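One letter stands for each residue in the lines below.
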Amino acid sequence: MEQKVEYINIKDLVLWTENPRDPIDANAKDQEIVDRAIEDKSLKWSLSKLAKEMGDYYDFSELPTVVYHGKKPIVYDGNRRIVLGKIKHGCVTIPKGTVIQIPNFPENIPCNVCTKKIALNNVYRKHSDSGSWQPLERDIFVHKFMGEEKSPFLILEEDTAIISNNPHLNQRFVKDEIFKEDSLKSIGFFIKNGRLNSVHDDNDARAILTDISNKVKSKTISTRENRGKVLEVLDPSSQQIIDRNRESKIHLSKIRFDETKEKQKAPRQAKRVAKKGIELFGGKLYLKIGEVSNLYRDITDLYTFYTSRKDELSNSFLGLIRMSLRLLSETAANGVKKKFDDYLKDNFDEAKKELDQDIKTLLSNQNVKKESIVQLLHTGAHNYQSTSNIEQTLAISIIIGSILSLTYGKEG
């Protein structure tokens, strides 16, 4: 028979060392499991709460699920109740001063004795979606006992220990939206042959994953805030690392979060330098999340469209870029509660100091100065013929980009 009810003495029942709630060494004794349950560092046992919920007596309608391993009756489901029973009948000891009000508890317990397959199916059905298991526990269970492949979430934990060392990451939305395979790829991590690989060296990889952990802990990313976004909410320094290493060789990642508890700071954002050619805004900006950042990204997309289609577009199209730079500056000024003119002029000199000498020369050659910047943007807003000057438009975008970095940039 695959299932039957059998009465078993509480002292003979053996607690399951592979209980997904809090797995322990396979050779651990009942006393060691009870010690962990009393200490309850993981806050998963809550024995006093369970004892209170049981009321005045043990409810026979809730049968422990038991599988015989040879002659040993192993408790697959109902371990918390059996722990209380073992304490009640002196099968194990608890520290002096520990008080748990345990109800009446029979010595001989009716158990659902069944095959291992049925027991595992019952455990999975009762706990997988009930909220009693966290995502990592579920993934361990379905891989180890149900034959499913390791999830990216489990692989990440096995190779780095980041989840067990940062329990706030053990959430459904983190697994499904942040540490899923395509999101990991977007930040330079890859699952290959059941292992975590990366384009980043150990320091860079640790900095990025630590940044993600901090964003979840601070609720910058949550089920309500920035849902589904990963790359966009990272610190500028992390985004720079990802950009810098994007074409690097993929290799096996070797970082471990259980080797040290120290928080390693990501490198600070480097001073902007000139790159080959002239880029819109002088290169990629790393801005705080918000309306200014969104508008900046829209403008870069518009410019990318322009550069890919400029042979098909009229000269007037560049005027749209100039007008959007005016809109971006006004939005930024409103955000810090300044007048448009004052915002640009007050920050111009400091922003210019951050630029490479070649870029400063470009600004000078295109007459982009503190005294002229406002007028140049007014001109762009009215789409005069001069707005088709691509080099002047780029020069204006670069100083605006530097001003935005000063006032809306995020330090690593």
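What counts, and at which threshold
Residues numbered from 1 in each chain as written. Predicted model: local features only at pLDDT ≥ 70, side-chain atom pairs only at ≥ 80, totals over all residues. Heavy atoms only, no water. Pairing = 2+ DSSP bridges. Helix = DSSP H or I, 4+ residues; strand = E, 2+ residues; numbered from the N terminus. Expected span 1.5 Å × (residues − 1). Bend = angle between axes of the 7 residues up to and from the residue. Patch = residues over 30% accessible without salt bridge, like charges linked within 9 Å, V, L, I, M, F, W, Y side chains within 5 Å. Areas by Shrake-Rupley, 256 points an atom, 1.4 Å probe, with all protein chains shown as cover. Salt bridge = Lys/Arg side-chain N within 4 Å of Asp/Glu carboxyl O. Buried < 20%, exposed > 50% of the residue type's maximum accessible area, 1.4 Å probe, protein only. Axes fitted to C-alpha atoms, helices over the stretch in contact; angles between N-to-C directions. Parallel < 35°, antiparallel > 145°, perpendicular 65-115°, else oblique. Left-handed = near helix turned anticlockwise from the far one by under 90°. Contact = heavy atoms within 4.5 Å. Nonpolar A, V, L, I, M, F, W, Y, C, P; charged D, E, K, R; others polar.

Participant: Outline the pairing of strand β7 (residues 195-198), supporting the account with residue identities and numerical values.
Facilitator: Every regular strand shows the same layout, with side chains that alternate between the two sheet faces. Bridge count for strand β6 (residues 189-192) against β7 is four bridges, and the pairing is antiparallel. Counterpart to Ile191 in the pairing with β7 is Leu196. Connecting the antiparallel pair β6 and β7 is a turn made up of two residues, with Asn193 showing a positive phi of about 55 degrees. The pairing of β7 with strand β8 (residues 251-252) spans two bridges and is classified as antiparallel. Note that in β8 the partner of Ser198 across the bridge is His251.

Participant: So, helix α14 (residues 340-353): which residues are in play, and what are the values?
Facilitator: When the terminal C-alpha atoms of α14 are compared, their 21 Å separation across 14 residues agrees well with the 20 Å that a helix rising 1.5 Å per residue should span. Largest kink in α14: about 45 degrees, centred on Asn347.

Participant: Quick one: what's the story with a nonpolar patch on the surface, residue by residue and with numbers?
Facilitator: On the surface, Val5, Tyr7 and Phe60 cluster together into a nonpolar patch covering about 330 Å² of accessible area. Secondary-structure assignment places Val5 in strand β1 (residues 3-9). What makes Val5 exposed here is its relative accessible area of 55%.

Participant: For unusual backbone geometry, give the residues involved together with the corresponding values.
Facilitator: A positive phi is found at Ala161, a non-glycine position, where the angle reads about 65 degrees. Within the element layout of this structure, Ala161 appears in the loop between α6 (152-160) and α7 (162-165). In this model, Asn367 sits at a positive phi of 60 degrees, which is unusual for a non-glycine residue. Asn367 sits in the partly exposed class, given a relative accessible area of 39%.

Participant: Could you give an account of the packing of helix α4 (residues 116-127) against helix α5 (residues 135-144), naming the residues involved and the relevant values?
Facilitator: In a pair of packed helices, the angle between the axes and the distance between the axes together describe the arrangement. Following both chains from N to C, one finds α4 and α5 inclined at 155 degrees, their axes separated by 12 Å at the closest point. Put simply, α4 runs roughly antiparallel to α5. For the pair α4 and α5, the crossing hand works out as left-handed. Across the interface between the two elements, Leu120, Val123 and Tyr124 of α4 pack against Arg138, Phe141 and Val142 of α5. Grouping the amino acids of the contact of α4 with α5 by side-chain chemistry returns five nonpolar, no polar and one charged.

Participant: Hey, could you go over the environment of Asp182 for me, with residue numbers and the actual values?
Facilitator: Examined against the element boundaries, Asp182 turns out to sit in helix α9 (residues 181-186). A relative accessible area of 47% places Asp182 in the partly exposed class. In the structure, Asp182 is positioned 30 residues away from Pro152 in sequence and 9.9 Å away in space, judged by C-alpha atoms.

Participant: Outline the sheet that holds strand β5 (residues 108-114), listing residues and values.
Facilitator: Reading across from one edge, β1-β5-β3-β4-β2 is the order of the five strands in this open sheet, with mixed pairing throughout. Of all strands in the sheet, those bounded by a partner on one side alone are β1 and β2 (14-15). Pairing between β2 and strand β4 (residues 72-77): two bridges, direction parallel. By the bridge assignment for β4, Leu15 is matched with Val75.

Participant: Residues and numbers for the sheet that holds β6, please.
Facilitator: Strand order in this open sheet of three strands is β6-β7-β8, and the pairing throughout is antiparallel. Where the open sheet ends on each side, the last strands, each with one partner, are β6 and β8. Sheet strands in contact with α6 are β6 and β7, and its direction is about 80 degrees off that of β7.

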